[in-house]
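What follows is each chain in one-letter form.
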Amino acid sequence: MKHRHHKKPKAKRFNRGSLPGAAPGTVITQTPCTTQSVSVMAFANGDLVDETVDSLDGLKELSETYTVTWINVDGLANVEVINRIGEMFGLHKLALEDVVNVHQRAKVEDYDDHLFIVARMVHLAEKLKTKQISIFVGPKFVLTFQEDEPSDCLDPVRDRIRKTSGRLRYGGTDYLAYALLDTIIDHYFPVVESYGERLDAMDDALMNSDGSTSIHSIHMLRSELLELRRALRPHREAVNALLRDGHSLIKDESRVYLRDCYDHTIQLGDAIDTYRETCSDLRDFHLTAISNRTNEVMKTLTIIATIFIPLGFIAGFYGMNFPNMPALNSQYGYPIVVVGMGLTVATLLLWFHRKGWFD
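Residues numbered from 1 in each chain as written. Predicted model: local features only at pLDDT ≥ 70, side-chain atom pairs only at ≥ 80, totals over all residues. Heavy atoms only, no water.

Some thoughts on the overall build of the protein chain
Step number 1: Within the protein chain one finds 10 helices and seven strands.
Step number 2: Evaluated residue by residue, the protein chain yields a buried proportion of 41% over its 359 residues.
Step number 3: Sequence-distant contacts in the protein chain: of pairs separated by 6 or more residues, those separated by 24 or more amount to 67%.
Step number 4: Roughly 20800 Å² of accessible area belongs to the protein chain as shown, and the carbon and sulfur atoms make up 54% of that amount. (Helix = DSSP H or I, 4+ residues; strand = E, 2+ residues; numbered from the N terminus. Buried < 20%, exposed > 50% of the residue type's maximum accessible area, 1.4 Å probe, protein only. Contact = heavy atoms within 4.5 Å. Areas by Shrake-Rupley, 256 points an atom, 1.4 Å probe, with all protein chains shown as cover.)

Quick word on the UniProt feature "transmembrane region" (unreviewed entry) in the protein chain
Step number 1: When the UniProt feature table is mapped onto this chain, "transmembrane region" (unreviewed entry) is found at residues 301–320 and 332–352.
Step number 2: A distance of 28 Å separates the end C-alpha atoms of residues 301–320, which is 85% helix and 0% strand.
Step number 3: Helix makes up 95% of residues 332–352 and strand 0%, whereas the separation of the span's terminal C-alpha atoms amounts to 30 Å. (UniProt positions renumbered as here; feature names shortened; annotations may be inferred.)

Topic: the packing of helix 6 (residues 173–186) against helix 7 (residues 188–208)
Step number 1: At a minimum axis separation of 5 Å, helix 6 and helix 7 run at an interaxial angle of 10°. Our classification of the angle between helix 6 and helix 7 gives roughly parallel. Here Ile184, Ile185 and Asp186 of helix 6 lie close against helix 7, whose contacting residues are Tyr188, Phe189 and Pro190.
Step number 2: Looking at the contact of helix 6 with helix 7 residue by residue, the class counts come to five nonpolar, no polar and one charged. (Axes fitted to C-alpha atoms, helices over the stretch in contact; angles between N-to-C directions. Parallel < 35°, antiparallel > 145°, perpendicular 65-115°, else oblique. Nonpolar A, V, L, I, M, F, W, Y, C, P; charged D, E, K, R; others polar.)

Here's the deal with the pairing of strand 3 (residues 68–74)
Step number 1: Most of strand 3 sits inside the fold, with seven of its seven residues counted as buried.
Step number 2: Alternating positions in strand 3 separate into two faces, Val68, Trp70, Asn72 and Asp74 on one and Thr69, Ile71 and Val73 on the other, with burial throughout.

Remarks on the pairing of strand 1 (residues 37–44)
Step number 1: For strand 1, the buried fraction is high: six of the eight residues fall into the buried class.
Step number 2: Judged from the seven bridges that link them, strand 1 and strand 3 form a sheet pairing that is antiparallel. Paired with Val40 across the strands is Ile71, a residue of strand 3.
Step number 3: The sheet contact formed by strand 1 and strand 2 (residues 47–53) spans seven bridges and is antiparallel. Bridge pairing links Ala42 to Val49 in strand 2.
Step number 4: Connecting the antiparallel pair strand 1 and strand 2 is a turn made up of two residues, with Asn45 showing a positive phi of about 55°. (Pairing = 2+ DSSP bridges.)

Digging into the nonpolar core
Step number 1: Counting 52 residues, the largest nonpolar core has Trp70, Leu176 and Leu228 as the members making the most contacts within it.
Step number 2: Setting aside residues up to four positions removed in sequence, Leu228 forms contacts with Val122, Leu128, Tyr188, Val191, Val192, Tyr195 and Ile272.
Step number 3: With 31 residues, the next largest nonpolar core counts Tyr66, Ile85, Val102 and Val118 among its residues. (Core = buried A, V, L, I, M, F, W, Y, C linked by side-chain atoms within 4.5 Å.)

A look at the side chain of Ser63
Step number 1: Assignment of secondary structure puts Ser63 in helix 1 (residues 59–65).
Step number 2: At 2.6 Å, the side chain of Ser63 forms a polar contact with the backbone oxygen of Lys60.
Step number 3: Once you skip the residues sitting within four places of it in the chain, Ser63 turns out to touch Thr69, Phe89 and Lys140. (Polar contact = N/O pair within 3.5 Å; in protein donor to acceptor, adjacent residues only side chain to side chain.)

A few points about the pattern of salt bridges
A side chain with one charge can pair with a side chain of the opposite charge if their charged atoms come near.
Step number 1: Within this structure, the stated rule accounts for 12 salt bridges.
Step number 2: Salt-bridge contacts for Arg198 lead to Glu224; the nearest nitrogen and oxygen are separated by 3.6 Å. On the criterion of sequence distance, the pair formed by Arg198 in helix 7 and Glu224 in helix 8 (residues 215–245) is long-range, its members being 26 residues apart.
Step number 3: With a relative accessible area of 33%, Arg198 lands in the partly exposed category.
Step number 4: Note that Asp273 and Arg229 form a salt bridge whose closest N and O atoms lie 3.0 Å from each other. Here Asp273, found in helix 9 (residues 252–317), pairs with Arg229, found in helix 8; they are 44 residues apart in sequence, far enough to count as distant.
Step number 5: The partly exposed category is assigned to Asp273, whose relative accessible area is 23%.
Step number 6: Here the salt bridges share partners, and the residues they tie into one network are Asp50, Asp159 and Arg162. (Salt bridge = Lys/Arg side-chain N within 4 Å of Asp/Glu carboxyl O.)

Let's talk about the sheet that holds strand 7 (residues 141–146)
Step number 1: Within the open sheet, the seven strands sit side by side as 2-1-3-7-6-5-4. Their pairing is mixed. Bordering the open sheet on either side are strand 2 and strand 4 (107–110), each of which pairs with just one other strand. Going from strand to strand, the sheet's axes swing by 15° on average, the running direction of each strand aside.
Step number 2: In the packing of helix 2 (residues 79–89) onto the sheet, the strands contacted are strand 1, strand 3 and strand 7, and the crossing angle to strand 7 comes to about 165°.

Details of the packing of aromatic side chains
Step number 1: Evaluated as defined, the whole model comprises six aromatic pairs.
Step number 2: For the pair Phe89 and Phe141, a centre-to-centre distance of 4.8 Å together with 50° between the ring planes defines the contact as tilted. Here Phe89, found in helix 2, pairs with Phe141, found in strand 7; they are 52 residues apart in sequence, far enough to count as distant.
Step number 3: You can call Phe89 buried: its relative accessible area is 5%.
Step number 4: Arranged with centres 5.9 Å apart and planes meeting at 90°, the rings of Phe136 and Phe145 form a pair that is edge-to-face.
Step number 5: Each residue in the set Phe116, Phe136 and Phe145 is aromatic and connected to the rest through ring pairs, giving one cluster. (Phe/Tyr/Trp six-rings, centres within 6.5 Å; stacked < 30°, edge-to-face > 60°.)

Right, here's the structure in full:
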């Protein structure tokens, strides 16, 4: 039987571009991606601008013309683009440094005239992946910077903006920021539910004792849940900071929706903690099942060995090469020994049955 060798997952390294001791606000990226795209969605009343731009010229004027301007940057390879957008909208250098260092935990930072929010989007394919998205919220603009990936989870927000009706189309930048956070956090639900389905399948496999579930698969699932928990838990602190501290950019109407977003983080956190405990229970159950199967095998071997001990004694006793032994030359000697062995086996089996060894 061939054994499958699984590689141990490596610890995630910090993607930090600036060297230790560099000046604060140094924007250096180490991302291997060379592609970068900038898309704009600007709207006011019934007007909408929805396009991907090749030049940054006119973005500032666009944000001054429309009530809300959402500029999304996919890819962090071109530092010049990030610095230029930062200068254009007056973004703090420390925040721009955090944009390119994509190991940040979810957080909220207040820079007086704008808010800086970091969140982590989650994606589950063959394994769990997280992706940093940096959000700047100003009086008339929302800027998002994200690592270059084939797609993100923000398409529902884009579709809602394209519709002429709905609160998002006529809300302010604070409501758009809420919608982005809410979509990012809600995207955790199907991922968490998929882990629940996998745990149910593992539980059924263990109950059926089909051997398809291993300690390694349980451990890997628990490790992914731990990574998911690390990505999600800071979101609760970030949303709570928006509710607790408040900001002039966050209207009271949006705070009501942020409370619902905060509730979602609590629900997800409780579900993840429950699933991690379930992983520990499945691991203990799996080890107990292995121990019980081992005990069954040892019991069977003990019964066989116990039966053959007296038979071996009888055969060894009459196998001694002494000339004068009782019934050695008798014509009934062999049948008597065989019958004696049979009675011994029957007696032992009856005794084992009464002891409950066959239950």
